[in-house]
Amino acid sequence: MLLPSQASAAGFVSEKVRFVHDAGYVEVRAGQYQHIPLPSGVDKFEVHIDVLNKRYDDMDVYVCDDRGLKEFKSGQSFRCQGVQRGRDNFSFEAPGRGAGGNHLLFNNSFSIMLTKKVNYEVVVVDTLEPGRRAVIKKAMSDISALIQRTFEAPEFDIGIKPCGSVNAYSRSDTGDIVICSELFIQEIRNKRNGSISGIIFHEIGHSLLSLWNIPGNANEELVDEFAVVMLHLTGSQGTAYQMAEYFAEVDAVQDALSKVYLDTRHPLSAQRVRNIKRIINNPRPIIERWNQILYPRMTVAGLENLLDTNPMFADRELAGKIMADKKGSPQSSSNQTSSWGPPPPVTKP
């Protein structure tokens, strides 16, 4: 249970969320059409199409509600939103609140001979129900306040908003953290709530190391270590496996190409999976090293709770000495209350 705090760090959740609903591959024979179901009652769809045929790379693609699809099938003038004879790569938007259900329609009926091969991605943009939004916002606020009660650092906010990609990031100047709704909802739909905790702690690591001016604050392997150590301290080490699963699902080829051509600072996901599993299997040396980094930067309340809960491989002697020194300092933070409990659970949007 998270206890009251004087910290004013906040959580934020945007009213609108954006996430990938479906992505895949279809082949539509000449003179034929196909359609796949889409959710109903959402604000809008963003549809991204890549026709893979090298020469005749055109295709009709629409989003239709039940009525529009029925009109299309019967050969009538149909009311659907999309692109006629789109070529190569193209995108469009369509409303998601039509009559009845919604459908993604691929039409190759104009072709006489060629099967069309298509990659597609459907992104949903929707409004979060106010009650769910409030629950998620409180969870983000509670995590932010927990960090402020435990560590000596400027206050920073943690929240969720659309980014246009499956990602998360922290601002080095303020420490504020954004978990992209594309990533958040993807992990909720994959039933990997634990990976979200690991990702949040990863970004908290970037924020704290940057605010503390510690060299290597942009080093991804170092911050992955911080995240796994924090999961141990909060009694949530089992969720580190879900964090590893998240990285394990990244396509290895695309990951390597991104590393080579985009010069990303992230190590290959396979490397990150190995590093995380190595820490899970042998946490002691990593935790003991991080004890030396974290204890001097903890509040008195954080150190007191550390001694009370005595997490795995805690250095009680070092914690007691640092706490005694801090209590003798006029800047003591002993009026705050801290808890090493696990991050509050997030609920399905």
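Because the structure is a prediction, the values reported are computed rather than measured. (Residues numbered from 1 in each chain as written. Predicted model: local features only at pLDDT ≥ 70, side-chain atom pairs only at ≥ 80, totals over all residues. Heavy atoms only, no water.)

**Points about the overall build of the chain**
For the chain, the count of helices and strands is eleven helices and twelve strands. Considering the chain as a whole, with its 349 residues, one finds that 47% of them fall into the buried category. Counting contacts in the chain only where the partners sit at least 6 residues apart, residues at least 24 apart contribute 73% of the total. As displayed, the chain has an accessible area near 16900 Å², and 50% of this comes from carbon and sulfur atoms. (Helix = DSSP H or I, 4+ residues; strand = E, 2+ residues; numbered from the N terminus. Buried < 20%, exposed > 50% of the residue type's maximum accessible area, 1.4 Å probe, protein only. Contact = heavy atoms within 4.5 Å. Areas by Shrake-Rupley, 256 points an atom, 1.4 Å probe, with all protein chains shown as cover.)

**Side note on the packing of helix 3 (residues 181-189) against helix 4 (residues 193-211)**
For any two helices packed against each other, the geometry is given by the interaxial angle and the distance between the axes. Interaxial distance between helix 3 and helix 4 falls to 7 Å at its minimum, and their mutual angle equals 145°. From helix 3, L183, F184, E187 and I188 reach across to helix 4, where they touch N193, S195, I196 and I199. Residues of the contact of helix 3 with helix 4, tallied by class, amount to five nonpolar, two polar and one charged. (Axes fitted to C-alpha atoms, helices over the stretch in contact; angles between N-to-C directions. Nonpolar A, V, L, I, M, F, W, Y, C, P; charged D, E, K, R; others polar.)

**Some thoughts on a nonpolar patch on the surface**
A contiguous nonpolar patch, built from Y56, I112, M113 and L114 and spanning about 510 Å² of accessible area, is present on the exposed surface. Structurally, Y56 can be placed in the loop between strand 4 (44-51) and strand 5 (58-65). (Patch = residues over 30% accessible without salt bridge, like charges linked within 9 Å, V, L, I, M, F, W, Y side chains within 5 Å. Salt bridge = Lys/Arg side-chain N within 4 Å of Asp/Glu carboxyl O.)

**What about the sheet that holds strand 5?**
Read from one edge of the open sheet, four strands run 3-8-5-6, paired in antiparallel fashion. Looking at strand neighbours, the two that pair on one side only are strand 3 (33-38) and strand 6 (81-87), the edges of this open sheet. Across the sheet, the mean angle from the axis of one strand to that of its neighbour is 15°, orientation sign disregarded. On top of the sheet, helix 1 (residues 66-73) reaches strand 3, strand 5 and strand 8 (102-107); it is set at about 130° to strand 5, its chief contact. (Pairing = 2+ DSSP bridges.)

**Some thoughts on the nonpolar core**
Taken as a class, soluble globular proteins show a tendency for nonpolar side chains to be buried jointly. Counting residues in hydrophobic clusters, the biggest one holds 83 residues, and the most contacted among them are I49, V61, L104, F106, I179, I204 and L208. Those residues within four positions of I204 in sequence are excluded, and the remaining contacts are I143, I147, F156, I158, I177 and F226. In terms of nonpolar packing, the next biggest core, distinct from the first, is built from six residues, C64, L69, C80 and L105 among them. (Core = buried A, V, L, I, M, F, W, Y, C linked by side-chain atoms within 4.5 Å.)

**Structural notes on the state of the cysteines**
One pass over the structure, following the stated rule, counts two disulfides. Shown here is the disulfide that connects C64 with C80, its sulfur atoms set 2.1 Å apart. Handedness here is read from the sign of the S-S torsion; for C64 and C80, about 115°, the answer is right-handed. Of this pair, C64 sits in strand 5 while C80 sits in the loop between helix 1 and strand 6; the two residues are 16 residues apart in sequence, bridging distant segments of the chain. Considered together, C64 and C80 belong to a single accessibility category, that of buried residues. With its sulfur 2.1 Å from that of its partner, C163 forms a disulfide with C180. Its S-S torsion of approximately -95° makes the covalent link between C163 and C180 left-handed. Taken together, the residues span a long stretch of sequence, with C163 in the loop between strand 10 (158-161) and strand 11 (168-170) and C180 in strand 12 (residues 177-180) at a distance of 17 residues. (Disulfide = S-S within 2.5 Å.)

**Considerations on the pattern of salt bridges**
Side-chain pairs of opposite charge can arise whenever the charged atoms involved come near each other. On inspection of all chains with the given rule, the structure shows 21 salt bridges. Between E187 and R192 there is a salt bridge, and its shortest N-O distance comes to 2.8 Å. The closest approach of N and O atoms between R272 and D224, which form a salt bridge, is 2.9 Å. Here D224 lies in helix 5 (residues 220-233) and R272 lies in helix 8 (residues 269-281), a separation of 48 residues in the sequence. Accessibility classification places R272 together with D224 in one group, the buried group. Look at the salt bridges and you will find they share partners, linking K16, D43, R97 and D126 into a network.

**A few points about the pairing of strand 9 (residues 116-127)**
Two strands pair when backbone bridges link them, and strand 2 (residues 16-28) and strand 9 are joined in this way by twelve bridges, in the antiparallel orientation. The residue bridging F19 from the neighbouring strand is V124, located in strand 9. By the bridge criterion, eight bridges tie strand 4 to strand 9 in an arrangement that is antiparallel. The residue bridging F45 from the neighbouring strand is V124, located in strand 9.

**Topic: the packing of aromatic side chains**
Applying the stated criterion to the full structure yields six aromatic pairs. Judged by centre distance (5.2 Å) and plane angle (90°), the rings of F72 and F78 are edge-to-face. Given the relative accessible area of 14%, F72 is considered buried. With a centroid separation of 5.6 Å and 65° between ring planes, the pair formed by F226 and W290 is classed as edge-to-face. Here W290 lies in helix 9 (residues 284-294) and F226 lies in helix 5, a separation of 64 residues in the sequence. Across the pair, exposure class does not vary: F226 and W290 are buried alike. Put simply, the rings of Y33, Y62, F72 and F78 touch in pairs and so form one group of aromatic residues. Sitting above the plane of the W212 ring, R297 keeps its charged end 5.6 Å from the centroid. (Phe/Tyr/Trp six-rings, centres within 6.5 Å; stacked < 30°, edge-to-face > 60°. Lys NZ or Arg CZ within 6 Å of the ring centre and 35° of its normal.)

**Details of the sheet that holds strand 7 (residues 89-95)**
Whether parallel or antiparallel, the strands of a sheet pair through hydrogen bonds between backbone atoms. The strand order across the open sheet formed by four strands is 2-9-4-7, and the pairing between neighbours is antiparallel. With one partner strand each, in any of the chains shown, strand 2 and strand 7 form the two edges of the open sheet. Averaged over all adjacent pairs, the angle separating strand axes in this sheet is 20°, with direction ignored.

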